[in-house]
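# Results of the structural survey
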Amino acid sequence: MSLHTRASRSAPVAGLTPSQPAAGRPSHARALDSRRVGEGPRHNLPHLASSFVGRQGEVAGVEALLADSRLVTLTGPGGMGKTRMAIQVALELAPRFSGGVWMVELAPVSEASLVPDALAAVVPGVKHLPGRPVSQDLVSHVGEQAMLIVVDNCEHLVEACGDLVDRLLRSCPALRVLATSREPLAVSGEHRWSVGALSLPDPAQADAASVKASEAGQLFLQRATASRPGFRLNGSMARTVAEICRRLDGVPLAIELAASRMASLSPKDLLDRLDDPFRLLTTRSRTVVARHRTLVASLEWSHELLLPGEAALLRRVSVFAGWTLEAAQEVCAGSELDQSEVLDHLEGLAGKSLVVVDHPDDCVRYRLLGMVRRWASAKLEAASEAGAISRRQALWCLSLAERAEQGLRGCEPHEWLDRLDAEEDNLRAALVWSRTTGDPPLGVKLVTTLAPFWRRRGHLGEGLFWLEWAVSISDGYPLPLRARLLRDTGLFRGMLGDTASALPLMEESSALFAQAGDHDASLCACNALFHMFDNPRQSLARLEEDIERCRFTGDTNKLSHFLCALGHAHFRLGDLPAARSHFEECVELGRGQPDGEALGAGLLGIGRVAVLLGELGVAETAFEEARTHAEQMADVEHLSTALVLLADLAGATGDRKRAGDLLDQSMTVTNADGTPIDQARGFYFLARLAEAQGIDEGEDGAGELFDKALSTGRASGAPGFHEIRCLLGVGRAAQAGGATSAAAGHFLEALATSQDIGDAHAQALALEGLSSLARMDGRFDEASTLAHRALELHRDIGDVAGIAAALESVAGLAVEGSRWRGAARLFAAAQGVLEEAGFVRAQRDQERQESDLAEVRKALGDEEFERAWVEGSSMSREAAVAYAMKGRGGRERPTSGWDGLTPAERQVAALVGEGLTNPEVGKRLFISARTVGHHLAHIYPKLGIRSRAALIKQLADQDHKPDLAGFDTDQGVLVP
C-alpha cells in the first residue's frame with residue numbers, strides 16, 4: 001500500500017464522518033469528487049455528524065486572526081475540541097479560498113519524514129517528480145494559489161510540522177495555515193490561540209435557563225438527547241447537570257463521553273459516579289479515534305510526548321490546587337528533577353497545554369485542570385511518591401503560614417492575607433492530608449498558625465472545624481499549645497455568637513497558661529469582652545480588676561483591649577463620660593500596638609459616644625479614622641462596623657443617599673468575608689435607613705428588615721444589645737402597620753431584657769414606644785408617665801437625639817390635654833436641640849410632629865404661636881428638660897412593694913394571678929416565656945416573696961390586692 005493511500009485513510013475525527021469517496025480512485029481524485037470546480041467551495045473537510053455547539057466568539061476571533069496572520073495554531077489539552085473548532089473555522093472560510101481548503105490529519109503518522117507526504121496526499125493536483133523532496137512538490141503546486149491548509153494534531157511531530165509550514169509560508173504568498181497542536185509550532189509569525197473550556201452554568205443560578213445558556217450545558221443536552229431520545233431537562237435536574245459540567249471542567253470530550261451515558265444512567269447516577277471519571281467516561285464507538293475513546297487514552301497520548309523531567313514534575317504538582325514557581329521548586333524538586341530545571345519544565349508543560357498559566361495581579365500562578373490533576377495524582381501514586389510529596393507540600397504550607405502569622409502582626413497585613421487567600425485550597429489539602437493519612441501534629445501546628453488568618457478573613461466556620469479537631473487530639477500536647485487551641489476555639493465560638501460554650505473554653509485556656517507559668521498569657525481580654533456582652537453591669541468589677549493588673553505589669557497592649565471592653569460596658573449602661581474616658585485611653589495606647597485591633601474598636605467607641613452626645617463632627621472623624629485603619633489592617637469586622645455607623649450617621653443627618661451607598665459597601669464586605677453577626681448588624685442598619693425614609697412594608701421595608709436582623713442575630717448568637725434594638729425596631733414597624741398588640745409585646749420584651757442587663761438607653765427607647773402606644777389608645781396619663789420616665793433616662797445618659805424625641809413626646813401629650821402654649825414651647829425647644837446637633841427626624845416622626853404643630857397653631861393663632869415658639873427656642877437643653885418635668889417632681893418609682901413594679905411587671909403579675917403558665921403569659925403578651933421568667937425574678941424580691949404560689953396568694957388576698965386598673969389582661973395591652 002502506498003503512503004498516499006495510507007495517509008488518506010487515517011482514522012476519522014471524533015464526532016465527524018468523512019466524505020465517502022468513490023471506490024478505487026486515487027486520494028486526490030476522491031477529494032475533488034465531493035466538491036467539483038464551479039459547484040462551490042473546494043475542500044476535503046469531513047461532513048459533520050452533529051452540530052457545532054458554542055464558541056461562536058472564538059470562531060470569529062480565529063477567523064479575524066487568520067485575516068491578519070498567515071499561521072494560526074489552536075492549542076489546548078486533549079479533548080478540548082481543537083480539531084472540531086478548526087473544522088468549523090475552515091468551513092466558514094472555505095468560500096474565500098479559490099485554491100481550496102485541505103485538511104491533513106497527522107495523528108496516524110509516526111515518522112517526521114512522512115509529514116510532507118501526508119499533506120501531499122490530501123492536496124489535489126500535487127505532482128511528485130522522482131528524486132525531488134515532496135516538500136518542493138508542494139511548494140510548486142501551491143504557488144500563488146489562495147489556499148487554506150489545516151494541519152491537525154501536530155504535537156508528536158511538532159518540529160517536522162514547523163519546518164514544513166515555515167517553508168510553505170515563505171514560498172507561497174497567498175497561503176494560510178491553521179494548525180492544531182497541544183504545543184505551538186514555534187514558527188516565525190505564528191499566532192497562538194488557546195482553546196479553553198466551554199462556558200459553565202452560573203453557579204449562583206443553577207436552574208434550567210442557566211444550564212441552557214452555557215456552552216457546556218448546551219453540549220451536554222444535545223449529546224444526551226442523541227443518546228436518549230426524549231431526554232428533557234427539568235428544574236429539579238438542572239442543578240445536577242450544572243454540577244456535572246463543573247466537575248468535568250467544561251472539557252468537551254469529557255462532557256460528550258458523560259452525556260453518552262444518559263442511555264443507561266440518570267444525571268444523578270452519573271454525578272455520583274464521577275469520583276472515578278476515567279472508568280466512567282469511555283466510549284465503544286468505532287467512529288471515534290482511539291485516543292479519544294477514554295479520557296485516560298487522551299491524557300496518555302500527551303504523557304508519551306513528555307520528557308522524563310516534565311513527566312516527574314507533572315505528577316508531583318498534582319498535590320497543588322494551584323502553585324507558584326517557588327512552591328514547585330521547593331516541593332517538587334529532587335531525584336530525577338533538579339530545582340534549576342523546574343522553570344524550563346513548567347514552560348514545557350504549559351507549552352504542551354497540560355499546565356494552565358494565569359497572571360493574577362502581576363504575578364504568575366500555574367494550575368492543572370481538575371481531570372488532569374486527578375490523572376496526574378494517580379501517576380504520583382503509581383510512582384510511590386504520593387506520601388513524600390504530600391508531606392513536603394504540607395511543610396511548605398506550614399512555613400508559609402508561619403511567615404504570614406508574623407506578617408499579620410505588622411502594619412501592612414494585606415500582602416500576607418492575599419498570599420494566604422491564593423493558597424487556601426493548598427492549605428486545606430495539607431490539613432486534610434495531616435488529619436487523615438499524614439501527620440496530625442503537623443496539622444495541629446498548622447491549625448494554630450492559621451487561626452489569625454481565618455479570623456481576619458471571617459472564615460470562622462471553617463476555622464472552628466479545624467480548631468475543634470485539633471483540640472480533640474491535643475491531650476498530652478504541651479500545655480501552651482493546648483491552651484492556645486482552647487483560646488482560639490473559644491474565641492471563634494464567641495465570634496459566632498455562642499458565648500455560653502466559649503467562656504468555659506477560654507477560662508480553661510487561662511488556667512492552663514497559668515499552670516504553664518505564662519501568667520501574661522493567662523490574662524485574656526476576650527474573656528472579659530464576652531462577659532461584658534453577656535451582662536455589662538456584672539462585668540464591671542472583673543474588668544476593673546483586670547485593668548489594674550495590666551497597669552501593674554505594664555502590658556499596654558492588653559490594657560488597651562481591657563479599656564475598650566470597659567468602655568463598651570459603660571456605654572451600654574448609659575455612663576457616657578466614663579465610656580468616653582476609657583475609649584480615649586484605649587485609642588491613645590492602641591496607636592502604639594502592632595495588632596491595631598484595640599485602636600479600631602476604641603475609635604468606633606468614641607464615635608458612638610459622640611453620636612449620643614450630639615457631637616456629630618467628632619463622631620464622623622472617629623468613624624472615618626476607624627474605617628481607614630480597618631482597611632489598612634484588613635479588619636473585616638471593624639470595617640463593616642465603621643461603614644454601617646457612618647451610614648447611620650449620614651441617615652441621621654438627612655443624607656440618605658450617602659447612607660445607602662455606605663450600607664451597600666458594608667454589605668459587600670460582609671457578604672464576602674463577614675460573620676453572621678456582621679450580617680445581622682447590616683440588616684439592622686438597612687432597616688434603620690428604611691424607617692428614616694418612611695418605608696415600612698415590603699421586602700426592603702423596615703418591618704421585614706428588622707425581622708431579618710432579629711432572626712439572623714438570634715440564630716448567630718448576637719449579643720443582647722443587638723437583639724433589644726431589633727425588638728424595638730420590629731415593635732415600631734408593627735405599630736406603624738396598626739398591629740398595636742404585637743408592638744406592645746415587642747416593646748415589653750425589649751424593656752425587660754434591657755432592665756436585666758442594665759441597658760438604660762434601650763429602656764428609654766422601649767418606654768417611648770409604650771408611651772406612643774398608650775397615646776394612640778387614649779391612655780394619656782399612662783403615656784405621660786412613660787414619656788417622662790424616658791425623658792429622665794435620656795437626660796441622665798446625655799442622649800441628645802433621645803432628649804429631643806422625648807421632649808416631642810411630652811409636647812404631643814400636651815396637645816392631647818389642650819395645653820397649647822406648653823406644647824408649642826416644647827416643640828420649639830426640641831427643634832432647637834435637633835438643629836444644634838445636626839440631626840433630622842425620621843419621616844414618620846416628621847409627619848406626626850407636623851400634624852401636632854398644625855393643631856397647636858390653629859388653637860393659639862399665628863401671633864400667639866410665634867410668641868410661644870420664640871420662648872421655647874430660647875431655652876437651653878437643660879431648661880427644656882426641667883420645663884417638661886415641671887409638676888412631675890422627677891419622682892422615682894419605689895424599690896419595693898406593689899408600687900415598685902414596672903408597668904410590664906404589673907401586667908405579668910396580673911396574668912400569673914389568673915393561673916396562666918409562663919408560656920401562656922408570654923403568648924398573651926407577645927413575649928417569650930424566658931422574658932416572663934425574668935419579670936418574675938424581679939417581682940419576687942420587690943414583694944418579699946420567693947415563689948409563684950406566694951404571688952398568687954397575695955393577688956387573691958383582698959387586703960393586699962394591688963391596684964391593677966388600667967390593664968386589660970384579655971387583650972394583653974394597657975388600656976384606660
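Because the structure is a prediction, the values reported are computed rather than measured.

What counts and what doesn't
Residues numbered from 1 in each chain as written. Predicted model: local features only at pLDDT ≥ 70, side-chain atom pairs only at ≥ 80, totals over all residues. Heavy atoms only, no water. Salt bridge = Lys/Arg side-chain N within 4 Å of Asp/Glu carboxyl O. Buried < 20%, exposed > 50% of the residue type's maximum accessible area, 1.4 Å probe, protein only. pLDDT = per-residue confidence, 0-100. Helix = DSSP H or I, 4+ residues; strand = E, 2+ residues; numbered from the N terminus. Contact = heavy atoms within 4.5 Å. Core = buried A, V, L, I, M, F, W, Y, C linked by side-chain atoms within 4.5 Å. Axes fitted to C-alpha atoms, helices over the stretch in contact; angles between N-to-C directions. Parallel < 35°, antiparallel > 145°, perpendicular 65-115°, else oblique. Left-handed = near helix turned anticlockwise from the far one by under 90°. Nonpolar A, V, L, I, M, F, W, Y, C, P; charged D, E, K, R; others polar. Phe/Tyr/Trp six-rings, centres within 6.5 Å; stacked < 30°, edge-to-face > 60°. Pairing = 2+ DSSP bridges. Expected span 1.5 Å × (residues − 1).

## Let's talk about the pattern of salt bridges
Taken as a whole, this structure holds 56 salt bridges when the rule is applied. Taking the shortest distance from any N to any O, the salt bridge between R857 and E866 comes out at 3.2 Å. Among the residues examined, R857 registers a relative accessible area of 31% and is labelled partly exposed.

## Some details on the confidence of the model for the protein
Caution is warranted with low-pLDDT regions, since their predicted coordinates should not be read in detail. Here the protein averages 82 in pLDDT, while 89% of its residues score no lower than 70. Within the protein, the element-level pLDDT minimum falls on helix α1 (residues 3-8), averaging 31, and the maximum on helix α21 (residues 424-436), averaging 94. In the predicted structure, residues 1-39 sits below a pLDDT of 50 and forms 67 contacts with residues beyond four places in sequence or in another chain. Confidence over residues 963-976 falls short of pLDDT 50; this stretch has 36 contacts with residues more than four positions distant or in other chains.

## Considering the nonpolar core
Generally speaking, a soluble globular protein has its nonpolar side chains buried in company with each other. Ranked by size, the top nonpolar core spans 136 residues in total, and within it L807 and L951 carry the most contacts. In terms of residues, this core owes the most to one element, helix α41 (residues 800-816), which gives ten residues. In this structure L807 touches L791, L826, A830, V833, A880, V881 and A884, once residues within four positions along its chain are discounted. L299, V317, A328 and V331 belong to the second-largest nonpolar core, a separate cluster that totals 128 residues.

## Regarding the packing of helix α31 (residues 597-612) against helix α32 (residues 616-633)
Where α31 contacts α32, the two axes come as close as 8 Å, and the packing angle between them is 160°. Here α31 lies roughly antiparallel to α32, going by the angle between them. Crossing of α31 over α32 shows left-handed handedness. Packed against α31, whose contacting residues are L599, G600, L603, L604, I606, G607, R608, A610 and V611, the element α32 presents L616, V618, A619, A622, F623, E625, A626 and H629 at the interface. When the residues that make up the contact of α31 with α32 are grouped by side-chain class, the tally is twelve nonpolar, three polar and two charged.

## As for the packing of aromatic side chains
Where two aromatic rings form a pair, the distance of their centres and the angle of their planes describe that pair. Per the counting criterion, the structure on display carries eight aromatic pairs. Both rings, one in F320 and one in W396, keep their centres 5.9 Å apart while their planes meet at 90°; by these two values the pair is edge-to-face. Within this pair, whereas F320 is found in the loop between α15 (308-316) and α16 (325-332), its partner W396 is found in helix α19 (residues 386-408), the two being separated by 76 residues in sequence. Judged by relative accessible area, which is 1%, F320 ranks as buried. Centroid distance Y684 to F685: 5.1 Å. Interplanar angle 80°. Geometry classified as edge-to-face.

## Details of the sheet that holds strand β6 (residues 175-181)
One open sheet holds the five strands; their spatial order is β4-β5-β6-β3-β7, and the pairing between them is parallel. Among the strands making up the open sheet, the edge pair consists of β4 (101-105) and β7 (190-194). Going across the sheet, the axis of each strand differs from the next one's by a mean of 20°, ignoring polarity. Two elements, strand β3 (residues 71-75) and β6, share five bridges in a ladder whose sense is parallel. Residue pairing in the sheet places T75 in a bridge with S181 of β6. Each of β3, β6 and β7 touches helix α3 (residues 56-68); the most contacted strand, β7, lies at about 180° to it. Strands in contact with helix α5 (residues 115-122) are β4 and β5 (147-152); relative to β4, the strand with the most contacts, it is inclined by about 140°.

## Quick notes on unusual backbone geometry
With the exception of glycine, most residues fall at negative phi, and the peptide bonds are largely trans. If you check the backbone angles, R55 has positive phi at about 60° while not being a glycine. Here R55 is to be found in the loop between β2 (47-48) and α3. Given the relative accessible area of 3%, R55 is considered buried. The phi torsion at S384 lies on the positive side, around 60°, for a residue other than glycine.

## Regarding helix α18 (residues 370-382)
Each turn of an α-helix holds 3.6 residues, which means side chains three or four residues apart point in the same direction. In this model, α18 (13 residues) spans 19 Å end to end at C-alpha, consistent with the 18 Å of a helix rising 1.5 Å per residue. Considered for burial, the residues of α18 that qualify are M371, V372, W375, A376 and L380. S384 occupies a position one or two residues after α18 and carries a positive phi of about 60°.

## Observations regarding the environment of D899
Checked against the element boundaries, D899 lands in the loop between α45 (877-885) and α46 (903-913). For D899, a relative accessible area of 62% translates into the label exposed. Distance from D899 to L943, taken between C-alpha atoms, is 9.7 Å for residues 44 residues apart in sequence.

## Thoughts on the packing of helix α28 (residues 536-553) against helix α29 (residues 556-572)
As a packed pair, α28 and α29 sit with axes 9 Å apart at the nearest point and diverge in direction by 155°. The orientation of α28 with respect to α29, classified from their angle, is roughly antiparallel. Crossing angle aside, the handedness with which α28 passes α29 is left-handed. Mapping the contact onto sequence places P536, S539, L540, L543, E544, D546, I547, C550 and R551 in α28 and K558, L559, F562, L563, A565, L566, A569, H570 and R572 in α29. Within the contact of α28 with α29, the residues separate by chemical class into eleven nonpolar, two polar and five charged.

## Section: the pairing of β4
For β4, the buried fraction is high: five of the five residues fall into the buried class. The alternating pattern of β4 places V101, M103 and E105 on one face and W102 and V104 on the opposite face, and all of these are buried. Examined bridge by bridge, β4 and β5 share five bridges and lie parallel to one another. Bridging across to β5, E105 finds its partner in D152.

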